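# Chain and residue survey
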Amino acid sequence: MKLYEGGAYYINGEPIDESGADKVRAITGQVPDKEELRKNTIAYGILKEHNTSGDMSALQIKFDKLTSHDITFVGIIQTARASGLEKFPIPYVLTNCHNSLCAVGGTINEDDHMFGLSCAKRYGGIYVPPHQAVIHQFAREMLAEGGKMILGSDSHTRYGALGTMAMGEGGPELVKQLLGRTYDISLPGVVGIYLTGDMQPGVGPQDVAIALIAEVFDKGYVKNKVLEFIGPSVARLSADFRIGIDVMTTETTCLSSIWQTDSRIEEFYEIHGRKDAYKQLMPGDACYYDGFIEIDLSKIKPMIAMPFHPSNAYTIEEVNKNLKDILAQCEKNAKVSFGDDVDFDLSSKIRDGRLYVDQGIIAGCAGGGFENICAAADILKGSSIGADEFTLSVYPASMPVYMELVRNGSAAALMETGAIMKTAFCGPCFGAGDTPANNGFSIRHSTRNFPNREGSKIQNNQIASVALMDARSIAATAANKGYLTAATDIDAHFSNPKYYFDSKIYENRVFDSKGIADKSVEVRFGPNIKDWPKMSPLPENIMLKVVSEIHDPVTTTDELIPSGETSSYRSNPLGLAEFTLSRKDPEYVGRAKEIKKAQDAVEANTCPLEAVEELKPLMQVVNEKFPEDGKGNVGFGSTIYAVKPGDGSAREQAASCQKVLGGWANIANEYATKRYRSNLINWGMLPFIIPKGELPFKNLDYIYIHGIRQAVENKEDSITAYTIKDGSMKEFTLSLGDLTDDERQIILDGCLINYYRGN
């Protein structure tokens, strides 16, 4: 794999390093103009067609379709309803693939589903019942169209392989679309991914994806950019194979993805009865990419992403050769996050010099595709997974896929080995299904292997871990009864059966309003579905207490607000907020609530200094410098510091739960993703940046910012702040970074809901 140091020209299908301008001129007869040649990428053309601003440097995007699942759509629709929603203006699909089991919290999961069905009827949407399809598979089968754009409230909203530019964002961005507003971003850079070579038998899409993630994640090479897959070997890959790579591009931290399309994608749409949705997409004969990556597919080997990140990657061959050293390094890395809270032990998995695995999972939007499961069946056919600890569960991504696996015999072949076939469900991917035993080690063809994504609870001294692998090598490991094995080490015949899509399942079960809203339908609420609490506008001045300090290199949204069974409470803002940082900093909630008492007193027109006694001497120090501050013009709340927060999920609750508990800001050296920073802004929180180095504050310190409201109004980037300590104020500087006018107003208003109410 080769990463270009700068950008690259792409002339008649040939990549040329940006230093080769003379070569480009010799081929084209013209002096290359990078700005003009950028316009010839596939990505630029799609963005231009969807931009409403008239200015390609500052995009205002309107999407063609929206999609959400059952732990996001309640909050989105509730926010939109509070802001005046009358009907869904574009097709909006509500899938039910996360809390599908209805296993936690009494009736609350099914209450959310019934809320979704009633809203699809009332506002003119599409409702996919539980177990029918995972969100992204339904979108591939029924929503994607060449040259179109889809916005989803799930981070793995990626349909670029089908010619659809798709993005995963927090719920407030979907609310904007539902209310006729736009998705506002600067024109993103585009990175060309140039594919050459032929895949080795047994190497799958997850192997390619993990290799790519490992190469770019730490470098930030593709952060917030669009990946554009091009080159001669794209045509050699099936639609399913491309989809399997594409869905994992989220883990590179890119903004979106798009692929050149051809007859194989046209066939995909024809199989699904939507041939008219196909559009051929190719880059121009001469274009320029802001970054460029060459991938020789023939060099890709079976990969494994070890705990606890998709970028912690090795070839399976490397792991088997250096087993003790790699496992010891994983244990050492875990100490950074867990300390001595749990005894994380991978070395005990070594049996007779080989790595023994407790569990295999093939599931969801990444692993549950037809070709992945058929290949696994081919490898396992006639074998047994054994009667020891090792288990294997397979979750087809949709019922149409499941039906075809039954018809062609693949499901039977898998079940005969001792594997379990289950329905379309995302649980194993976010910690709500197939949790291993304590210190269990699971290999999964799913999207993430962050801590707790397997369902263990650090706060209860429970720890398990996940490694990501391709379905083919998971099957090879299963054939060897749990001993880690690369699929290339198995002599298997791959049957590559043709896929036949049966639309009757969806015709019989999916509710499709055809865009017709029926106002006579009453929205169904359950006891757990709560409105958002009142949120105050940004005060003139602000006193922040640092209530959590996190020095991990990256902090995921799973650590900010856990997934798993807590997902059942996402329709209840106050109930969910109790879980905030519970697996990372259990004291956070209590500390945040304590300082929130002062803000509650402000809003009740009582004395905040009486509510929180420790504020009295602090405000005395403040008044020495700012004597007018404190007379009804100071707000009080909490902040957290993290080195690089927000990697992973699009879940807005990582921000909204902090706001519900009185959070006014995050302070970070950088934000891992655009979507997390956007979520902070949409919930009225200040996305502060501070340079790397020794911090001017520590946990439980107070930070005072005089004139914060005026600074936001005046579009100031550098914000003067003070740490109050030992009777004095120590000055330091924070930055807000780039903010659009709308984003500034949202922060000033206190959150997106207030912003819409004010408009």
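Here goes a summary of the coordinates provided.

## Side note on the overall build of the chain
In terms of helices and strands, the chain carries 29 helices and 34 strands. For the chain, the C-alpha radius of gyration of 26 Å lies close to 27 Å, the compact-globule estimate for 759 residues. The C-alpha extent of the chain, read off along each of the three principal axes, is 80 × 65 × 60 Å. The long-range fraction of contacts in the chain, counting pairs at least 24 apart against all pairs at least 6 apart in sequence, stands at 76%. Looking at the chain as shown, the accessible area adds up to about 26900 Å², and 47% of this sits on carbon and sulfur atoms.

## With respect to the packing of aromatic side chains
Summed over the entire model, instances satisfying the criterion amount to 27 aromatic pairs. Note on Phe 626 and Tyr 704: the rings are 6.3 Å apart at their centroids and 35° apart in plane angle, and the pair reads as tilted. Of this pair, Phe 626 sits in the loop between helix H24 (615–625) and strand E28 (634–642) while Tyr 704 is found in strand E32 (residues 702–705), placing the two residues 78 residues apart along the sequence. For the residue pair Phe 626 and Tyr 704, the accessibility class agrees, reading buried in each case. Arranged with centres 6.2 Å apart and planes meeting at 40°, the rings of Tyr 671 and Tyr 676 form a pair that is tilted. Against the face of Phe 217 rests Lys 644, its NZ or CZ located 5.4 Å from the ring centre.

## Considering the pairing of strand E12 (residues 226–230)
Within E12, 5 of the 5 residues are buried, which leaves the element mostly enclosed by the surrounding structure. Of the two faces of E12, the one carrying Val 226, Glu 228 and Ile 230 and the one carrying Leu 227 and Phe 229 are both buried. Inspection of the sheet shows strand E11 (residues 190–196) paired to E12 by 5 bridges, in the parallel sense. Across the sheet, residue Val 191 finds its bridge partner in E12, namely Leu 227. Sheet topology places E12 next to strand E13 (residues 256–259); 4 bridges connect them, and they run parallel. By the bridge assignment, Leu 227 is partnered in E13 with Ser 257. Handedness of the crossover joining E12 and E13 through helix H9 (residues 239–246) is recorded here as right-handed.

## Observations concerning the pattern of salt bridges
In a structure, side chains of opposite charge can pair up when their charged atoms sit close to one another. For the structure shown, the criterion picks out 42 salt bridges. Between Glu 251 and Arg 448 there is a salt bridge, and its shortest N-O distance comes to 2.9 Å. One end of the pair, Glu 251, is in the loop between H9 and E13; the other, Arg 448, is in the loop between strand E23 (441–445) and strand E24 (465–468), and 197 residues separate them in sequence. What you see here is one network of salt bridges that share partners, running through Glu 35, Arg 38 and Asp 290.

## So, the packing of helix H4 (residues 73–82) against helix H7 (residues 171–178)
Here H4 crosses H7 at 45°, and the two axes come no closer than 9 Å. Between H4 and H7, the angle falls in the class oblique. Judged by the sense of rotation from one axis to the other, the crossing of H4 with H7 is right-handed. Two secondary-structure elements touch here, H4 through Ile 76, Thr 79 and Ala 80 and H7 through Gly 171, Leu 174, Val 175 and Leu 178. A class-by-class count of the residues in the contact of H4 with H7 yields 5 nonpolar, 2 polar and no charged.

## Things to note about the sheet that holds strand E5 (residues 65–68)
Taken together, the 6 strands give an open sheet; going across it, the order is E9-E8-E5-E6-E7-E25, and neighbouring strands pair in mixed fashion. What marks the edges here is a single partner per strand, and that holds for strand E9 (165–168) and strand E25 (511–512). Where H7 meets the sheet, it contacts E5, strand E6 (92–95) and strand E8 (149–152), and its direction lies at approximately 145° from that of E5.

## Some remarks on the nonpolar core
Ranked by internal contacts, the top residues of the largest apolar core, which has 180 residues, are Tyr 92, Ile 293 and Met 306. Residue contacts for Tyr 92: discarding those within four places in its chain leaves Leu 66, Thr 67, Ser 68, Phe 73, Ile 76, Ile 77, Gly 125, Ile 126, Leu 174 and Leu 178. Judged by nonpolar contacts, the second largest core, of 28 residues, contains Trp 664, Ile 667, Phe 688 and Leu 734.

## Describing empty space enclosed by the protein
Within this structure, the stated rule accounts for 3 cavities of 30 Å³ or more. A volume near 250 Å³ is recorded for the largest cavity. Lining the largest cavity are 25 residues, and of these His 69, His 98, Asp 154, His 156 and Arg 453 sit closest to its centre. Breaking the lining of the largest cavity down by element, the ones donating at least two residues are helix H6 (135–142), helix H13 (364–367) and helix H17 (427–430). Sorting elements by how many residues they give to the lining of the largest cavity places H13 first, with 3 residues. Approximately 50 Å³ is the volume attributed to the second largest cavity. In this structure, the second largest cavity is lined by Met 167, Gly 168, Glu 169, Asn 224, Thr 253, Cys 254, Leu 255, Thr 673, Lys 674 and Arg 675. Elements that contribute at least two residues to the lining of the second largest cavity include exactly E9 and helix H26 (674–682).

## Let's talk about the environment of Asp 502
Along the polypeptide, Asp 502 turns up in the loop between helix H18 (471–479) and helix H19 (504–509). Accessibility expressed as a relative area gives 13% for Asp 502, which makes it buried. Separated by 460 residues in the primary sequence, Asp 502 and Ile 42 have C-alpha atoms spaced 32 Å apart. Asp 502 has contacts with Pro 400, Met 403 and Arg 407, leaving out every residue within four places of it along the chain. Within the structure, the side chain of Asp 502 is placed 3.2 Å from the side chain of Arg 407, a separation counted as a polar contact. At a separation of 2.9 Å, a polar atom in the side chain of Asp 502 contacts the main-chain amide nitrogen of Lys 504.

## Here we look at the layout of surface pockets
Roughly 950 Å³ of internal volume is contained in the largest pocket. Lining the largest pocket are 39 residues, with Ser 238, Asp 240, Phe 241, Glu 371 and Asn 496 positioned closest to its centre. Of all the secondary-structure elements, those providing two or more residues to the lining of the largest pocket are H6, H9, helix H10 (263–271), H13 and helix H14 (370–380). A total of 6 residues in the lining of the largest pocket trace back to one element, the largest contributor, which is H14. In terms of residue class, the lining of the largest pocket is made up of 19 nonpolar, 11 polar and 9 charged. By volume, the second largest pocket amounts to about 690 Å³. If you trace the second largest pocket, you find 26 residues lining it, with Ile 185, Ser 186, Lys 674, Arg 677 and Asp 738 closest to the centre. Every element with two or more residues in the lining of the second largest pocket is listed here: strand E4 (58–61), strand E10 (183–186), H26 and helix H28 (741–749). Ranked by residue count, the leading element in the lining of the second largest pocket is H26, at 4 residues. For the lining of the second largest pocket, a count of residues per class yields 9 nonpolar, 8 polar and 9 charged.

## Examining the environment of Phe 697
Relative to the helices and strands, Phe 697 resides in the loop between strand E31 (686–689) and E32. Considered as a pair, Phe 697 and Ala 43 are 654 residues apart in the sequence and their alpha carbons are 43 Å apart. Once you skip the residues sitting within four places of it in the chain, Phe 697 turns out to touch Val 546, Tyr 641, Ile 667, Ile 690, Ile 703, Thr 723 and Phe 732.

## Overview of H18
The α-helix winds at 3.6 residues per turn, so residues separated by three or four positions along the chain end up facing the same way. Within H18, 9 of the 9 residues are buried, leaving the element largely enclosed by the surrounding structure. All of the buried residues along H18 are Ala 471, Arg 472, Ser 473, Ile 474, Ala 475, Ala 476, Thr 477, Ala 478 and Ala 479. Here the buried face of H18 lies against helix H8 (205–216), helix H11 (316–321), strand E20 (359–362), H14, strand E21 (391–394) and E23. Two residues or fewer after H18 comes Lys 481, characterised by a positive phi angle close to 55°.

Parameters at a glance
Sequence order sets the numbering: in each chain, residues are counted from 1 along the sequence as written. Local features in this predicted model are restricted to residues whose pLDDT is 70 or higher, and side-chain atom pairs enter the listing and the counts only when it is 80 or higher, whereas totals over whole chains, interfaces and linings include all residues. In computing side-chain values, all of the structure's heavy atoms are included and hydrogens and water are not. Segments assigned H or I by DSSP are reported as helices when at least four residues long, segments assigned E as strands when at least two residues long, and all are numbered from the N terminus. Both definitions apply: the radius of gyration is a C-alpha atom measure, and the globule rule equals 2.2 Å times residues to the power 0.38. We call two residues in contact whenever any of their non-hydrogen atoms come within 4.5 Å of each other. All accessible areas in this document rest on Shrake-Rupley with a 1.4 Å probe, and a residue is counted as covered only by the protein chains that are shown. Pairing of aromatic rings covers Phe, Tyr and the six-membered ring of Trp, with a centre-to-centre limit of 6.5 Å; geometry is then stacked below 30 degrees between planes, edge-to-face above 60, and tilted otherwise. Between buried and exposed lies partly exposed: a residue is buried under 20% and exposed over 50% of the maximum accessible area for its type, with that area taken using a 1.4 Å probe on protein chains only. Counting as a charge over the ring demands two things of the Lys NZ or Arg CZ atom: a distance within 6 Å of the ring centre and an angle within 35 degrees of the ring normal. The rule for pairing is simple: two strands pair if DSSP sees at least two bridges between them. By convention, orient the strands away from the viewer: a clockwise path from the first strand over the helix to the second makes the crossover right-handed. In the sections that follow, a salt bridge refers to a side-chain nitrogen of Lys or Arg positioned within 4 Å of a carboxyl oxygen of Asp or Glu. Throughout, an axis means a line fitted to C-alpha atoms (over the contacting stretch in the case of helices), and angles, computed between N-to-C directions, take values from 0 to 180 degrees. The labels follow the angle: roughly parallel below 35 degrees, roughly antiparallel above 145, roughly perpendicular from 65 to 115, and oblique for the rest. Each helix crossing is assigned a hand: it is left-handed if the near helix lies turned anticlockwise from the far helix by less than a right angle, otherwise right-handed if that turn is clockwise. When residues are sorted by character, Ala, Val, Leu, Ile, Met, Phe, Trp, Tyr, Cys and Pro go into the nonpolar class, Asp, Glu, Lys and Arg into the charged class, and all the rest, Gly among them, into the polar class. To qualify as a nonpolar core, a set must consist of buried Ala, Val, Leu, Ile, Met, Phe, Trp, Tyr and Cys residues joined through side-chain atoms within 4.5 Å. The pocket and cavity definitions rest on a 1 Å grid over protein atoms only: a 1.4 Å probe that fits but cannot leave marks a cavity, an open set with protein on both sides within 12 Å along at least five of seven lines marks a pocket, and residues lining either have an atom within 4 Å of a point. Grid points are joined across faces, edges and corners, and a volume is the space filled by probe spheres set on the points. What qualifies as a polar contact is a pair of N or O atoms within 3.5 Å, subject to a donor-acceptor requirement within protein and to the restriction that residues adjacent in sequence count only when both atoms come from side chains.

Bear in mind that shape data such as this cannot, by itself, settle questions of function.
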